[in-house]
Amino acid sequence: MVQFKRFQPPAEGEPITLENGKLRVPNHPIIPFIEGDGTGPDIWRASVRVFDAAVAKVYGGERKVAWYEVYAGEKAYNLFGEWLPDDTLTALSAYIVSIKGPLTTPVGGGIRSLNVALRQLLDLYVCQRPVRYFQGVPSPVKHPELVDMVIFRENSEDIYAGVEWAAGTPEAKKVIEFLQKEMGVNKIRFPETSGIGIKPVSREGTERLVRAAIEYALRHKRKSVTLVHKGNIMKFTEGAFKNWGYELAEREYGDKVFTWAQYDRIKAEQGQAAADAAQKQAESEGKLIIKDVIADAFLQQILTRPAEYDVIATMNLNGDYISDALAAQVGGIGIAPGANINYVTGHAVFEATHGTAPKYAGLDKVNPGSVILSGVMMFEYLGWQEVADAITRALEKTIAQKIVTYDFARLMEGAREVKTSEFADAIIANL
Ligand SMILES: NC(=O)C1=CN([C@@H]2O[C@H](COP(=O)(O)OP(=O)(O)OC[C@H]3O[C@@H](n4cnc5c(N)ncnc54)[C@H](OP(=O)(O)O)[C@@H]3O)[C@@H](O)[C@H]2O)C=CC1
Ligand SMILES: O=C(O)CCC(=O)C(=O)O
Ligand SMILES: [Mg+2]
């Protein structure tokens, strides 16, 4: 029995467990949720109604989620004087699968990101963000339907590890002196006024992320996994990510993949025609292509040639930028879902790609689509595929009826703009 200090799980419901590496999901699973800051409460209230209605519709009372509210961010601070109470971590860890709204992170000072802290504390090393087009959604590009990618963003290291010191502090001074005196670094342009940040990228961290991306791609019969990096400039972090990614692919999935590293080796030894022929042969055998691209080129090619990209594996910061950029391409952050997952322990925290959108807090205005679709990912993860499909179909139908929140309405002709809660009502009516 899990022990809590301040808040208690619902009396009804049973924990989800991991048995022999597989989730065992009871008919009444306890699922912790964090409402979130800013627009989080508006969105959560709408989303949970859609989830419950879909589960009831599909399983007619045989299955039902036992929701367990746990606290983080401003609500936790106001109630308990702590940003991230121990009970919250205990619950997310004990009940394995959870869902959260966005949490505020101040810029340039104050607390460090609670979102990042949760990912680190639970070692949720994959941030998985599918990006696809929904018919009828307004988009800034001509062919948004060509975007169908799944981002695997490394979630535990890179510059997000939070190893940094502010300019002018004794710590920054000490690190700069160490770099200058002991490491022979003479390239820090303004040493007296520099802040310092450190970017750790490891072989282990890279391998487990790339492994998850390849496993996903093979399971879902996707065509390629692209390693996105800035390895020309950051050779031993981003460049190493690329090299380790290729090595892992060839070592662990040799008979199932063809890599551009192999292509380069064949080209060097036998010429371009032989390399082209080898890749063609691999494609005809249905092998997964593992390729790479430099991050800036990738950001222009997703606009000009999106059909060339499929599953994306990248580091933390690149993945953060890419998520929002791709979300915009298919109509915006209002329908961009995500999940933070540890594929070994099974722990997963589902959450939208967007943040708290504070200027709209409490207005019942923003699009709950991202959290609703994060819920779709969660139900798929639980094996409740029928629920996931029912919600997706109802969301598609609602958008096709041009019943949308402000973000889509301002870009659509003939749309009926509705509130967050009314959008949920329309989805429920369409279930
Ligand atoms: N995982 C998490 O919890 C995350 C938390 N954050 C945090 O959120 C806070 C605010 O960050 P900010 O940079 O403003 O980014 P946000 O993603 O919160 O908002 C940026 C803009 O995106 C649009 N948007 C966001 N959510 C929605 C939605 N549900 N429906 C429609 N449009 C939406 C709005 O655009 P418009 O103005 O055009 O209407 C909004 O102004 C920060 O403290 C940040 O650290 C940020 C990202 C993730
Ligand atoms: O933690 C935050 O405040 C921002 C996180 C973020 O932008 C993301 O995960 O995409
Ligand atoms: Mg982000």
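Each value, and the rule that gives it
- Residues numbered from 1 in each chain as written.
- Chains lettered and ligands numbered in written order.
- Predicted model: local features only at pLDDT ≥ 70, side-chain atom pairs only at ≥ 80, totals over all residues.
- Heavy atoms only, no water.
- Helix = DSSP H or I, 4+ residues; strand = E, 2+ residues; numbered from the N terminus.
- Rg over C-alpha atoms; globule rule 2.2 N^0.38 Å.
- Buried < 20%, exposed > 50% of the residue type's maximum accessible area, 1.4 Å probe, protein only.
- Contact = heavy atoms within 4.5 Å.
- Areas by Shrake-Rupley, 256 points an atom, 1.4 Å probe, with all protein chains shown as cover.
- Lys, Arg positive; Asp, Glu negative; His and termini not counted.
- Charge placed at Lys NZ, Arg CZ, Asp CG, Glu CD.
- Near = heavy atom within 4 Å.
- Polar contact = N/O pair within 3.5 Å; in protein donor to acceptor, adjacent residues only side chain to side chain.
- Pairing = 2+ DSSP bridges.
- Nonpolar A, V, L, I, M, F, W, Y, C, P; charged D, E, K, R; others polar.
- Axes fitted to C-alpha atoms, helices over the stretch in contact; angles between N-to-C directions.
- Left-handed = near helix turned anticlockwise from the far one by under 90°.
- UniProt positions renumbered as here; feature names shortened; annotations may be inferred.
- Arc of directions from axis to C-beta.

The next thing to look at is the overall build of the protein chain. Counting its secondary structure elements, the protein chain contains 15 helices and 17 strands. Over its C-alpha trace the protein chain gives a radius of gyration of 23 Å, about what one expects of a compact globule, namely 22 Å for 431 residues. In terms of principal-axis extent, the alpha carbons of the protein chain reach across some 65 × 60 × 50 Å. Looking at the protein chain residue by residue over its 431 residues, the buried ones come to 52%. Partitioning the contacts of the protein chain with sequence separation of at least 6, the portion at a separation of at least 24 is 74%. Carbon and sulfur atoms make up 53% of the accessible area of the protein chain, which totals about 20000 Å². Within the protein chain, one finds 49 positive and 54 negative side-chain charges whose respective centroids are separated by 3 Å.

The next point concerns the site of ligand 1. As a structural note, the neighbourhood of ligand 1 is formed by 24 residues, with Gly355, Ala357, Lys359, Tyr360 and Tyr406 the closest of them. Separating an oxygen atom of ligand 1 from a backbone N or O atom of Leu103 is a distance of 2.9 Å. With respect to ligand 1, the side chain of Arg410 contributes an N or O atom lying 2.9 Å from an oxygen atom. If ligand 1 stood free it would expose 880 Å²; the protein chains cover 71% of that surface.

Attention now goes to the environment of Ala94. Mapping Ala94 onto the fold places it in helix H3 (residues 86-94). On the basis of relative accessibility, which here comes to 27%, the residue Ala94 falls in the partly exposed class. In this structure the C-alpha to C-alpha distance between Ala94 and Val2, which are 92 residues apart in sequence, comes to 7.2 Å.

The subject of this paragraph is the pairing of strand S10 (residues 224-229). Extensive coverage of S10 is indicated by the burial of 6 of its 6 residues. Burial along S10 is two-sided: the face carrying Ser224, Thr226 and Val228 and the face carrying Val225, Leu227 and His229 are both buried. Of the strand pairs in this sheet, S10 and strand S12 (residues 288-294) are connected by 6 bridges, and their pairing is parallel. Among the inter-strand pairings, His229 is bridged to a residue of S12, identified as Ile294. Sheet topology note: the S10/strand S13 (residues 311-314) ladder contains 4 bridges and is parallel. Bridged to Val228 within S13 is Thr314.

Close contacts around ligand 2 come from Thr105, Ser113, Asn115, Arg119, Arg129, Arg153, Asp320 and Thr353, and that covers them all. A distance of 3.1 Å separates an oxygen atom of ligand 2 from a polar atom in the side chain of Arg153. Surface burial for ligand 2 is 75%, taken as the share of its 290 Å² of free accessible area covered by protein chains. Partitioned by chemical class, the residues of the shell around ligand 2 number no nonpolar, 4 polar and 4 charged.

Moving on, we come to the side chain of Asp310. Mapped onto the fold, Asp310 is located in the loop between helix H10 (295-304) and S13. Here Lys223 takes part through its backbone nitrogen, which lies 2.7 Å from a polar atom of the side chain of Asp310. Setting aside chain neighbours within four positions, we find Asp310 in contact with Asp148, Met149, Val150, Arg222, Lys223 and Ser224.

A few words now on the packing of helix H8 (residues 260-270) against helix H9 (residues 272-284). Between H8 and H9, the least distance of the axes is 7 Å, while the angle of their chain directions is 145°. Considering how the two elements wind past one another, H8 and H9 form a crossing that is right-handed. Where H8 abuts H9, its residues Trp260, Tyr263, Ile266, Lys267 and Gln270 lie against Gln272, Ala274, Ala275, Asp276, Ala278 and Gln279. For the contact of H8 with H9, the per-class residue count stands at 6 nonpolar, 3 polar and 2 charged.

Right, let's talk about the UniProt feature "modified residue: N6-succinyllysine" (unreviewed entry) in the protein chain for a bit. Look at the UniProt record and you will see "modified residue: N6-succinyllysine" (unreviewed entry) annotated at Lys100 and Lys242. Considering the C-alpha atoms alone, the annotated residues occupy 143 residues of sequence and remain spread out, their largest mutual distance being 31.7 Å. Topologically, Lys100 is positioned in strand S5 (residues 97-100). What makes Lys100 buried here is its relative accessible area of 2%. Beyond its immediate sequence surroundings of up to four residues, Lys100 is in contact with Ile34, Asn115, Leu118, Val349, Phe350, Glu351 and Ala352.

The next subject is helix H15 (residues 420-429). Every buried residue of H15 is accounted for by Thr420, Phe423, Ala424, Ala426 and Ile427. For H15, the buried positions fall inside an angular range of 160° around the axis, keeping them on one side. Where H15 is buried, its residues meet helix H1 (40-59), helix H12 (369-382), helix H13 (385-400) and strand S16 (403-404).

Our focus in this paragraph is the UniProt feature "modified residue: Phosphoserine" (unreviewed entry) in the protein chain. Listed under "modified residue: Phosphoserine" (unreviewed entry) in the UniProt record, and renumbered for this structure, are Ser113. Summarising the element assignment, Ser113 is placed in the loop between S5 and helix H4 (114-121). Within the local environment of Ser113, its side chain forms a polar contact with the backbone nitrogen of Asn115, the two atoms lying 3.1 Å apart.

We now examine the sheet that holds S10. Taken together, 11 strands build an open sheet; the order of strands is S4-S3-S5-S15-S14-S6-S7-S13-S10-S12-S11 and the sheet is mixed. Taken across any chain shown, the strands that pair with only one partner, and hence form the sheet edges, are strand S4 (66-69) and strand S11 (257-259). Shown here is a sheet whose adjacent strand axes are inclined to one another by a mean of 25°, direction ignored. The pairing of S5 with strand S15 (residues 348-351) spans 4 bridges and is classified as parallel. Bridge assignment links Ser98 to a residue of S15, and that residue is Val349. Sheet strands in contact with helix H6 (residues 203-219) are strand S6 (126-132), strand S7 (148-154), S10, S12 and S13, and its direction is about 160° off that of S7.

A few words now on unusual backbone geometry. Residue Asp123 is not a glycine yet carries a positive backbone phi of 55°. By the secondary structure assignment, Asp123 is in the loop between H4 and S6.

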